[in-house]
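A closer look at the structure
So you can see what is in the structure, the chains are spelled out below.
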Amino acid sequence: GKDRALTTVLLALFLLASPAEGTQASSSAAQAPPLPAPVYVAPAQLDLPRVLPPWPAADSLASEADVMTVLAVQARRTRAEERDAQADSVTIMPDFTKRLLGPAATPERLPKLFALMGALQQDMRGVNRAANEARGYRLRPVLFDRRIKPSLDMIGHGAASYPSARTSSGKVWAEVIALLLPGRAEAARAEAERIAWRRVVGGVHYPSDLGGSLHVARAVMTALQASPSFQADLQAVRAELAAAGIR
């Protein structure tokens, strides 16, 4: 509607006010607020410029395939799919956990699990910001091709498309759930894939953005496996889940 169109225009004007590095990139986020200190993983540990490949060049066949895929998904998406995409755009780890473990998975019953989740969410905010900066800021699909009509409100989603922050966070949390509860690993990874694809359904990411997120998530998991504090907290959460009868 008119509000969404106005939002798109304002965001485009904001991006154009900064010097661009290319036809598909904006310069950076404007003076992003400082983040809390990392708990387990600092972005500098990950060497993101090396880990994260560049997104497809704007004039490449891969970029054209990205756009065509978003348009094809847009043409057939349903209202139910739009609602699912909207739900996943608000929060990831808490809702993800409740879908996998059931409504009994609450901070009151599982304080150690939710403390671990909170620490990882804090770390992923820093990692995701650094990942967006590592390759410059790729424009969101709606700002690259006017045929794309996102079902998600762009306010709150930021300007950077590559890689997908929510996809990176979802994949990391799925792998942590897999470490905690191996019997639920397949379900956790499937949920992470659904969350990722809904970013394309919502029209706010390209498929290649999701591929970039996989590289970020793998780097984070490697760093977590080498973190003594994470391993200690993981053991404490395993004991908490076992005591609660969650396996």
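All figures in this text were calculated on a predicted structure; none of them were measured in a lab.

Analysis parameters
Residues numbered from 1 in each chain as written. Predicted model: local features only at pLDDT ≥ 70, side-chain atom pairs only at ≥ 80, totals over all residues. Heavy atoms only, no water. Salt bridge = Lys/Arg side-chain N within 4 Å of Asp/Glu carboxyl O. Buried < 20%, exposed > 50% of the residue type's maximum accessible area, 1.4 Å probe, protein only. Phe/Tyr/Trp six-rings, centres within 6.5 Å; stacked < 30°, edge-to-face > 60°. Helix = DSSP H or I, 4+ residues; strand = E, 2+ residues; numbered from the N terminus. Axes fitted to C-alpha atoms, helices over the stretch in contact; angles between N-to-C directions. Parallel < 35°, antiparallel > 145°, perpendicular 65-115°, else oblique. Contact = heavy atoms within 4.5 Å. Left-handed = near helix turned anticlockwise from the far one by under 90°. Nonpolar A, V, L, I, M, F, W, Y, C, P; charged D, E, K, R; others polar. Expected span 1.5 Å × (residues − 1). pLDDT = per-residue confidence, 0-100. Core = buried A, V, L, I, M, F, W, Y, C linked by side-chain atoms within 4.5 Å. Polar contact = N/O pair within 3.5 Å; in protein donor to acceptor, adjacent residues only side chain to side chain.

1. Concerning the pattern of salt bridges
All chains considered together, the criterion is met by nine salt bridges. R50 serves as the salt-bridge partner of D47, at 2.9 Å between the closest nitrogen and oxygen. Given the relative accessible area of 37%, D47 is considered partly exposed. Between D145 and R147 there is a salt bridge; the shortest N-O distance is 2.8 Å.

2. A short note on the packing of aromatic side chains
Applying the stated criterion across every chain yields a total of two aromatic pairs. Where Y40 meets F230, the ring centres are 5.3 Å apart and the plane angle is 80 degrees; that geometry is what we call edge-to-face. Of this pair, Y40 sits in the loop between β1 (25-26) and α2 (48-51) while F230 sits in helix α11 (residues 228-243), placing them 190 residues apart in sequence. Residue F230 is classed as buried on the basis of its relative accessible area, which comes to 0%. Taking 5.8 Å as the distance between ring centres and 70 degrees as the angle between the ring planes, the aromatic pair formed by W55 and Y162 counts as edge-to-face. Residue W55 is found in the loop between α2 and α3 (61-76), and its partner Y162 is found in the loop between α7 (141-144) and α8 (165-180); the two are separated by 107 residues along the sequence. Assessed through its relative accessible area of 15%, W55 is described here as buried.

3. Some thoughts on the packing of α8 against helix α9 (residues 185-201)
Viewed as axis vectors pointing N to C, α8 and α9 meet at an angle of 175 degrees, and their least axial separation amounts to 8 Å. Taken together, the axis directions place α8 and α9 in an arrangement best described as roughly antiparallel. Residues R166, T167, G170, K171, A174, E175, I177 and A178 of α8 pack against A185, A188, R189, A192, E193, I195, A196 and R199 of α9.

4. Observations concerning the packing of helix α6 (residues 111-134) against α11
Running from N to C, α6 and α11 point in directions that differ by 145 degrees, and their axes come no closer than 8 Å. In terms of crossing hand, the pair formed by α6 and α11 is left-handed. Judged by residue contacts, P111, K112, L113, L116 and L120 of α6 engage F230, D233, L234, A236, V237, E240 and L241 from α11. Of the residues belonging to the contact of α6 with α11, the class tally is nine nonpolar, no polar and three charged.

5. What to know about α8
Between its first and last C-alpha, α8 extends 23 Å over 16 residues, near the 22 Å set by a 1.5 Å rise per residue. The buried count for α8 comes to 12 of 16 residues, which makes it a mostly enclosed element. Turning to α8, its buried residues are T167, S168, S169, G170, K171, V172, W173, A174, V176, I177, A178 and L180. In this structure, the buried side of α8 is in contact with α5 (93-101), α6, α9, α10 (207-225) and α11.

6. Details of the confidence of the model for the chain
In this model, the chain carries an average pLDDT of 86, and 84% of its residues clear a pLDDT of 70 or more. Here residues 1-23 scores under 50 on pLDDT; set against residues more than four positions off or in separate chains, the count is 22 contacts.

7. Remarks on the nonpolar core
In this structure, L116, W173, V176 and L224 are the most contacted members of the largest nonpolar core, which totals 46 residues. Going through the elements one at a time, α2, α5, α6, α8, α9, α10 and α11 are the ones with two or more residues in this core. Top element by residues in this core is α6. It accounts for 10 residues. Non-local contacts of W173, meaning those with residues more than four positions away in its chain, are made with M93, F96, T97, L113, L116, M117 and L120. Listed in part, the 10 residues of the second largest apolar core include V67, V70, V73 and V201.

8. Quick word on the side chain of S161
Its place among the elements puts S161 in the loop between α7 and α8. On the basis of relative accessible area, S161 is assigned to the buried category, the value being 0%. At 2.4 Å, the side chain of S161 forms a polar contact with the side chain of D209. Apart from the residues within four sequence positions on either side, S161 is in contact with R138, L139, R140, P141, V204, H205, Y206 and D209.

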